[in-house]
Amino acid sequence: MNNTFFNYSCHVSSEWVDYNGHMNDAEYAKVFSLALDKWIEEIGLDAKAREQYDYTIFTLETHLCYLQEAHEKEKLTVNLQLLDIDAKRVHAIFLMNNQNGQLIATSEQMLMGMDTTINRPAAFPETVNEKISALFKHHEKAERPKQAGRTIGIKR
């Protein structure tokens, strides 16, 4: 895994397009979920490792921002920026860009490492922690996207 770069790419399937003529809101979440699954594999928790370590990662919270529409057959690329980490958690933001490189959606997420034998939070396996820590060293001084840390509310 390259310590400074991660991306997941796909194309908007016709099944993802709703009655408004663009990608349905639930499909944005699906694309972010698929990107997360790829990242989890890249940090060393593929199916074999999850079984070996009796360990997985759960999503505790997510906050999606829809910035622009995505249309059928459009190429989407999702990048990841780590915002914070500790021994068993990752605070990250996934950034979805269209084929023109425009930011069209973000998904801020809190992820938790889980010991699957007891279904309780647990520290990342050492090799996984090393990869997450190395990636975070490249991200900790990066500018935070303006969507990170947002709250929902009606501005008055």
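Residues numbered from 1 in each chain as written. Predicted model: local features only at pLDDT ≥ 70, side-chain atom pairs only at ≥ 80, totals over all residues. Heavy atoms only, no water.

Asker: I keep staring at helix α3 (residues 126-139) and nothing clicks. Help me out?
Answerer: Three- or four-residue spacings in an α-helix give side chains the same orientation, since the helix completes a turn every 3.6 residues. Relative to the 20 Å expected for 14 residues at 1.5 Å per residue, α3 spans 20 Å between its end C-alpha atoms, a close match to the ideal helical length. Inspection of α3 places Val 128, Ile 132, Leu 135, Phe 136 and His 139 among the buried residues, and these make up the whole buried set. Mapping the buried residues of α3 onto a view down its axis gives an arc of 105 degrees, with all of them on the same face. The exposed set on the far side of α3, more than 90 degrees from its buried face, consists of Glu 126 and Lys 137. In the core, the buried residues of α3 are packed alongside α1 (25-42), β3 (75-85) and β4 (89-97). (Helix = DSSP H or I, 4+ residues; strand = E, 2+ residues; numbered from the N terminus. Expected span 1.5 Å × (residues − 1). Buried < 20%, exposed > 50% of the residue type's maximum accessible area, 1.4 Å probe, protein only. Arc of directions from axis to C-beta. Contact = heavy atoms within 4.5 Å.)

Asker: Quick question: what am I supposed to make of the nonpolar core here?
Answerer: The nonpolar side chains of soluble globular proteins are, as a tendency, buried together. Trp 39, Leu 76, Leu 82, Phe 94 and Met 96 are the most contacted members of the largest nonpolar core, which totals 36 residues. Those elements giving two or more residues to this core turn out to be β1 (7-11), α1, β2 (55-66), β3, β4, β5 (103-115) and α3. For this core, the leading source of residues is α1, giving seven residues. Those residues within four positions of Leu 76 in sequence are excluded, and the remaining contacts are Tyr 8, Ser 9, Cys 10, Val 12, Met 23, Val 31, Ala 70, Met 96, Asn 97, Asn 98 and Ile 104. (Core = buried A, V, L, I, M, F, W, Y, C linked by side-chain atoms within 4.5 Å.)

Asker: Mind showing me how you'd approach the pattern of salt bridges here?
Answerer: Oppositely charged side chains can form a pair if their charged atoms are brought close together. Throughout the structure, instances matching the rule amount to two salt bridges. The partner of Lys 38 in a salt bridge is Glu 42, with the nearest N and O atoms 3.7 Å apart. Note that Lys 38 and Glu 42 are positioned in helix α1 at a spacing of four residues, about one turn of the helix. What makes Glu 42 partly exposed here is its relative accessible area of 26%. (Salt bridge = Lys/Arg side-chain N within 4 Å of Asp/Glu carboxyl O.)

Asker: Before we go on, may I ask you to explain the side chain of Gln 147 in this structure?
Answerer: With respect to the helices, strands and loops of the structure, Gln 147 is situated in the segment after α3. What Gln 147 contacts, discounting residues up to four positions off in sequence, is Cys 65, Leu 67, Ile 93, Leu 103, Thr 106 and Glu 108.

Asker: Even after reading the chapter, I still don't get the packing of aromatic side chains, so can you show me in this structure?
Answerer: Under the criterion given, the structure shown has two aromatic pairs. Arranged with centres 6.3 Å apart and planes meeting at 65 degrees, the rings of Tyr 55 and Phe 124 form a pair that is edge-to-face. On the criterion of sequence distance, the pair formed by Tyr 55 in strand β2 and Phe 124 in the loop between β6 (120-121) and α3 is long-range, its members being 69 residues apart. Tyr 55 gets classed as buried once you look at its relative accessible area, which sits at 3%. (Phe/Tyr/Trp six-rings, centres within 6.5 Å; stacked < 30°, edge-to-face > 60°.)

Asker: So what exactly am I meant to see when it comes to unusual backbone geometry here?
Answerer: Peptide bonds are mostly trans, and most non-glycine residues show a negative phi. At Lys 73, a residue that is not glycine, the phi angle is positive and equals roughly 70 degrees. Tracing the backbone shows Lys 73 in the loop between β2 and β3. A positive phi is found at Asn 119, a non-glycine position, where the angle reads about 55 degrees. With respect to the helices, strands and loops of the structure, Asn 119 is situated in the loop between β5 and β6. Note on Asn 119: relative accessible area 47%, which makes it partly exposed.

Asker: What am I meant to see in α1 here?
Answerer: Between its first and last C-alpha atoms α1 spans 26 Å; for 18 residues at 1.5 Å apiece the expected length is 26 Å, and the two agree. Every buried residue of α1 is listed here: Glu 27, Tyr 28, Val 31, Phe 32, Ala 35, Leu 36, Trp 39 and Ile 40. Where α1 begins, the side chain of Asn 24 points an oxygen toward the backbone nitrogen of Ala 26, at a separation of 2.8 Å. Two residues or fewer after α1 comes Gly 44, characterised by a positive phi angle close to 105 degrees. (Polar contact = N/O pair within 3.5 Å; in protein donor to acceptor, adjacent residues only side chain to side chain.)

Asker: Mind showing me how you'd approach the state of the cysteines here?
Answerer: Working definition: the covalent bond between the sulfur atoms of two cysteines is a disulfide. Applying the stated criterion to the full structure yields zero disulfides. With no disulfide partner, Cys 65 has as its closest neighbouring cysteine sulfur the one in Cys 10, 19 Å distant. Given a relative accessible area of 6%, Cys 65 falls into the buried group. (Disulfide = S-S within 2.5 Å.)

Everything listed here is a matter of geometry and, on its own, says nothing about what the molecule does.
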